[in-house]
Amino acid sequence: MASAAEQLAKNINFSTFGKAKELQQRILFTLGALIVYRLGTQIPIPGIDPGQLEIAFGSQSGGILGMMNVFSGGAIERMAIFALNVMPYISASIIMQLATSAVPSLERLKKEGEAGRKQINQYTRYGTVLLAIAQAYGIAASLSSIDPNSGASVAINPGWYFMTSTVVTLVGGTVFLMWLGEQVTARGVGNGISLIIFAGIVAIMPKTIWNALVSTREGTMNVTVLAAVAVISVAMIVFIVFVERSQRRLLIQYPKRQQGNRMMGGESSFLPLKLNTSGVIPPIFATSLLILPTTAAGMMASGQGAAGGGPVSEALRSVVALIGPGQPLFVVLYGLLVIFFCFFYTSIVFNPEETADNLRKHGGFIPGYRPGKRTAEYLDYVLSRLTVIGALYLTIVCLLPEILKMNFTSIPFYIGGTSILIVVSVTMDTVAQIQSHLIAHQYEGMIKRSRLGGRKK
């Protein structure tokens, strides 16, 4: 039987949306922020030779650089001011979440409530700036290096001035996107950081589809392969929607109690546990962690190559080749990181002991299990098995394009898999938030009407 909220959601229409002025302002603010982000991905950093940049990107677009370009909305191939995107922020968030589980002082800070959360967020911002400086310096050094084949560099006038301006520009772009994402989360609709990644993927997908069609027309890609990719993509969308909406409902019973001459309680409700509690966080975290070592190894390899090569350069190039997208080692590492972050992030967002304690305080219990420790053990038992299924689901979705890439090199990495997962999941979360705002608006209208009716009487 549908709940009151679900019945109310079914009655929502465009007239209800037209009356929700606050929701309209939130949506307009979100759209405005995403437009600003897309404009920033079109503005290149100063001192770049477009011709040399196109040659340099073309030689490495099939590797980890292509993956970074997808999440940045094409900012990497243009070397725009938002080229680093929000990846340093995501990496800093990973480090802080790992640190809160390992460092006692940070763990105590986490338990302090809102004040502790604000302090941890501040540490995350500091970490974002440090990581952005390191990555921006590496990019600036790579752009300033001389290509041994052409004898030219991407930077028009390489030197300390170019290095400094590039680092300042890229770090400033990342800090601005971090602030913009927080503003969208607070004043817009949806999670700001996820929406920024979502906007980058959506913006580059039309170009991807067009390139695939052109490849088919030129004969570099078989029509059958293209049709198979399209069918697989549609099937993955359906599969992702089905799993993301799947949940295990645990029956919660409340005992009857007598208040005066009336018998209260005795109701039952459900505790919904999502099949994929961690959402899109595991693939994003896994991608962010894989980008860091491969980017460092790639820049060191290019630096060694510019200096004249040697055994160190050859070893670094071999490392970059082994852990690049489409390689067996990359597939193994990516899958293991996705599984690890599924369990890790689920343990952060859902605490069985805390949930069991809250149920006990409100008089609720799971039939067949005593409140307290036994309920917590049962919740942990159910959640562990759900997380295994969720981790297997995320691993299949994320690794499918990599397996296809190993067999069909002409298929772009971002057709399917992680990109579709992020797009579908963020869309569903954003629509759910819009629906919750509309339901709240409906409730407010009902309360106001009931108050007016009471005054007239």
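Here, every reference points to the structure presented above.
About the thresholds
Residues numbered from 1 in each chain as written. Predicted model: local features only at pLDDT ≥ 70, side-chain atom pairs only at ≥ 80, totals over all residues. Heavy atoms only, no water. Helix = DSSP H or I, 4+ residues; strand = E, 2+ residues; numbered from the N terminus. Buried < 20%, exposed > 50% of the residue type's maximum accessible area, 1.4 Å probe, protein only. Contact = heavy atoms within 4.5 Å. Areas by Shrake-Rupley, 256 points an atom, 1.4 Å probe, with all protein chains shown as cover. Expected span 1.5 Å × (residues − 1). Bend = angle between axes of the 7 residues up to and from the residue. Polar contact = N/O pair within 3.5 Å; in protein donor to acceptor, adjacent residues only side chain to side chain. Salt bridge = Lys/Arg side-chain N within 4 Å of Asp/Glu carboxyl O. Core = buried A, V, L, I, M, F, W, Y, C linked by side-chain atoms within 4.5 Å. Axes fitted to C-alpha atoms, helices over the stretch in contact; angles between N-to-C directions. Left-handed = near helix turned anticlockwise from the far one by under 90°. Nonpolar A, V, L, I, M, F, W, Y, C, P; charged D, E, K, R; others polar. Phe/Tyr/Trp six-rings, centres within 6.5 Å; stacked < 30°, edge-to-face > 60°. Lys NZ or Arg CZ within 6 Å of the ring centre and 35° of its normal. Parallel < 35°, antiparallel > 145°, perpendicular 65-115°, else oblique.

Colleague: Would you take a moment to explain the overall build of the protein chain for this structure?
Modeller: Assigned secondary structure in the protein chain consists of 18 helices and four strands. By the burial criterion, 43% of the 457 residues in the protein chain qualify as buried. Across the protein chain, every contact between residues at least 6 apart in sequence was considered, and the portion connecting residues at least 24 apart equals 73%. For the protein chain, the exposed surface amounts to about 24,300 Å²; the carbon and sulfur share of it is 63%.

Colleague: Can you walk me through helix 11 (residues 192-218) in this structure?
Modeller: Every α-helical turn comprises 3.6 residues, leaving residues that sit three or four positions apart pointing alike. Here helix 11 contains 27 residues, and its C-alpha end-to-end distance of 40 Å stays within 8% of the 39 Å for a straight helix at 1.5 Å per residue. Along helix 11, the helix axis deviates most sharply at Met205, where the bend reaches about 30°; the proline Pro206 sits within four residues downstream. Measuring from the side-chain oxygen of the N-cap residue of helix 11 to the backbone nitrogen of Ile193 gives 3.2 Å; that N-cap residue is Asn191. Positive backbone phi, at 95°, marks Gly219, one or two positions downstream of helix 11.

Colleague: Would you mind going over the pattern of salt bridges with me for this structure?
Modeller: Taken as a whole and judged by the stated rule, the model has six salt bridges. Residue Asp357 pairs with Arg360 through a salt bridge whose shortest N-O separation is 2.4 Å. Of this pair, Asp357 and Arg360 are both found in helix 16 (residues 352-361), three residues apart, which corresponds to roughly one turn of the helix. For the salt bridge of Arg374 with Glu377, the shortest nitrogen-to-oxygen distance reads 3.2 Å. Of the two residues, Arg374 and Glu377 both sit in helix 17 (residues 373-407), three residues apart, roughly one turn of that helix. Salt bridges linked by common partners bring Asp357, Arg360 and Lys361 together as one network.

Colleague: Teacher, can you tell me more about the nonpolar core here?
Modeller: What tends to happen in soluble globular proteins is that the nonpolar side chains get buried as a cluster. Judged by nonpolar contacts, the single largest core of 89 residues is most densely connected at Ile90, Leu143, Ile197, Leu250, Tyr334, Leu421 and Ile422. Broken down by element, this core gets its largest block of residues, 12 residues, from helix 17. Not counting the four nearest positions on each side in its chain, Leu421 is found in contact with Ile240, Glu244, Val280, Pro283, Tyr393, Leu394, Val397 and Cys398.

Colleague: Would you mind going over the packing of helix 9 (residues 114-144) against helix 10 (residues 160-187) with me for this structure?
Modeller: Each pair of packed helices can be summarised by the angle the axes make with each other and by the distance between the axes. Their axes nearest at 8 Å, the elements helix 9 and helix 10 cross at an angle of 145°. Considering how the two elements wind past one another, helix 9 and helix 10 form a crossing that is right-handed. On helix 10, the residues that touch Arg125, Thr128, Val129, Ala132, Ile133, Ala136, Tyr137, Ile139, Ala140, Ala141, Leu143 and Ser144 of helix 9 are Phe162, Met163, Thr166, Val167, Leu170, Val171, Thr174, Val175, Met178 and Glu182. Tallied by class, the residues present in the contact of helix 9 with helix 10 amount to 16 nonpolar, four polar and two charged.

Colleague: Help me out: how do you make sense of unusual backbone geometry in this one?
Modeller: As a rule of thumb, non-glycine residues mostly have phi less than zero, and peptide bonds are mostly trans rather than cis. Positive phi, normally seen in glycine, also occurs at Met79, with a value near 45°. Along the chain, Met79 falls in the loop between helix 6 (75-78) and helix 7 (87-102). For Met79, a relative accessible area of 7% gives the class buried.

Colleague: I'm lost on the packing of aromatic side chains in this one. Help?
Modeller: In this description, a pair of aromatic rings is defined by centroid distance and the angle of the planes. Taken as a whole and judged by the stated rule, the model has 10 aromatic pairs. Centroid distance Phe285 to Tyr345: 6.3 Å. Interplanar angle 85°. Geometry classified as edge-to-face. Of this pair, Phe285 sits in helix 13 (residues 281-307) while Tyr345 sits in helix 15 (residues 328-349), and the two are 60 residues apart along the sequence. For the pair Phe285 and Tyr345, one class covers both residues: buried. Judged by centre distance (5.1 Å) and plane angle (65°), the ring pair of Phe340 and Phe341 falls under edge-to-face. For Phe340, a relative accessible area of 42% gives the class partly exposed. Each residue in the set Phe285, Phe340, Phe341, Phe344 and Tyr345 is aromatic and connected to the rest through ring pairs, giving one cluster. Sitting over the ring of Phe270, Arg249 keeps its end group 5.9 Å from the ring centre.

Colleague: Where do I start with the side chain of Thr387 in this structure?
Modeller: Considering the arrangement of structural elements, one finds Thr387 in helix 17. Setting aside its immediate chain neighbours within four residues, Thr387 contacts Cys342, Phe343 and Thr346.

Colleague: I keep staring at the packing of helix 3 (residues 21-40) against helix 10 and nothing clicks. Help me out?
Modeller: Here helix 3 crosses helix 10 at 165°, and the two axes come no closer than 9 Å. Between helix 3 and helix 10, the angle falls in the class roughly antiparallel. The chirality of how helix 3 crosses helix 10 is left-handed. In this structure, helix 3 uses Arg26, Phe29, Thr30, Ala33, Val36 and Tyr37 to contact helix 10, whose residues at the interface are Phe176, Leu177, Leu180, Gln183, Val184, Ala186 and Arg187.

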